[in-house]
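Each chain is listed here by its residues.
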Amino acid sequence: MPHAYLILLLAVIAETIGTTALQASQQFTRFWPSVLVVVGYGFAFYLMALTLKVMPVGIVYAIWSGLGIALIALIGFVVFGQRLDWPAVLGLAMILGGILVIHLFSQTAGH
């Protein structure tokens, strides 16, 4: 199972790269960032599909989306100067807390 988590983490990173490139592509008007969007998302979905062989889709998607949201918010702050207010930060903390609850306590996660 740890191998599946590593593959899922790589999928989240690839998706995060694709989403960051989506912002940088300026609505697909810049060629190389647009190519990176397609490659990043394609690789991300391939890796996510591999994890679905051993993990339930609901758990995979919860981890995928939660980590992706948090990473994109961090990248938006660091790279694009996008600020979050305290309710947004609290919401992100709750999402990450939910992922930890699933990982640490749920028998559904299969660990």
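All residue numbers here refer to positions counted from 1 along the written sequence of the relevant chain. Only residues with pLDDT of 70 or above have their local features reported here, since the model is predicted, and side-chain atom pairs are shown and tallied only from 80 upward, although totals for entire chains, interfaces and linings are computed over all residues. Hydrogens and waters are ignored; side-chain quantities use all the structure's heavy atoms.

## Structural notes on the confidence of the model for the protein chain
And then number 1: On average, the protein chain scores 93 in pLDDT, and the residues at 70 or more come to 96%.
And then number 2: No element of the protein chain has a lower mean pLDDT than helix 4 (residues 86–105), which averages 92, and none a higher one than helix 2 (residues 31–51), which averages 97. You can read pLDDT as the predictor saying how much it trusts each residue, on a scale of 0 to 100. By definition, any uninterrupted DSSP run of H or I lasting at least four residues is a helix, any uninterrupted run of E lasting at least two residues is a strand, and each is numbered from the N terminus.

## Some remarks on the packing of aromatic side chains
And then number 1: Geometry of aromatic contacts follows a simple scheme: Phe, Tyr and Trp rings, the Trp one being its six-membered ring, pair when their centres are within 6.5 Å, and the pair is stacked under 30 degrees between planes, edge-to-face over 60, tilted otherwise. Taken as a whole, this structure holds two aromatic pairs when the rule is applied.
And then number 2: Centroid distance F45 to W64: 5.5 Å. Interplanar angle 45°. Geometry classified as tilted. Linking F45 in helix 2 with W64 in helix 3 (residues 57–80), this pair joins segments that are 19 residues apart in sequence.
And then number 3: The rule is simple: take the accessible area with a 1.4 Å probe, protein chains only, and divide by the maximum for that residue type; under 20% is buried, over 50% is exposed, in between is partly exposed. Given a relative accessible area of 47%, F45 falls into the partly exposed group.

## Looking at the packing of helix 3 against helix 4
And then number 1: To get an axis, fit a line to the C-alpha atoms, keeping to the stretch in contact for a helix; angles then go from 0 to 180 degrees between the N-to-C directions. Interaxial distance between helix 3 and helix 4 falls to 10 Å at its minimum, and their mutual angle equals 145°. In this structure, helix 3 crosses over helix 4, and the sense of that crossing is left-handed. Along its contact with helix 3, which presents I59, A62, I63, G66, L67, I69, A70 and A73, the element helix 4 presents L92, I95, L96, I99 and I102.
And then number 2: Side-chain classes are defined by residue name, with Ala, Val, Leu, Ile, Met, Phe, Trp, Tyr, Cys and Pro counting as nonpolar, Asp, Glu, Lys and Arg as charged, and the others, Gly among them, as polar. Within the contact of helix 3 with helix 4, the residues separate by chemical class into 12 nonpolar, one polar and no charged. Note on convention: near helix rotated counterclockwise from far helix by under a right angle means a left-handed crossing. Clockwise means right-handed. In this analysis, two residues are considered to be in contact whenever any of their non-hydrogen atoms come within 4.5 Å of each other.

## What to know about the nonpolar core
And then number 1: Here, nonpolar core means buried Ala, Val, Leu, Ile, Met, Phe, Trp, Tyr and Cys residues that are tied together by side-chain atoms lying within 4.5 Å of each other. Among the nonpolar cores identified, the biggest contains 16 residues, and L8, A11, M48, M55, V60, I63 and W64 are the most heavily contacted of them.
And then number 2: Only helix 1 (2–24), helix 2 and helix 3 provide two or more residues apiece to this core.
And then number 3: Per-element accounting of this core gives the leading share, seven residues, to helix 1.

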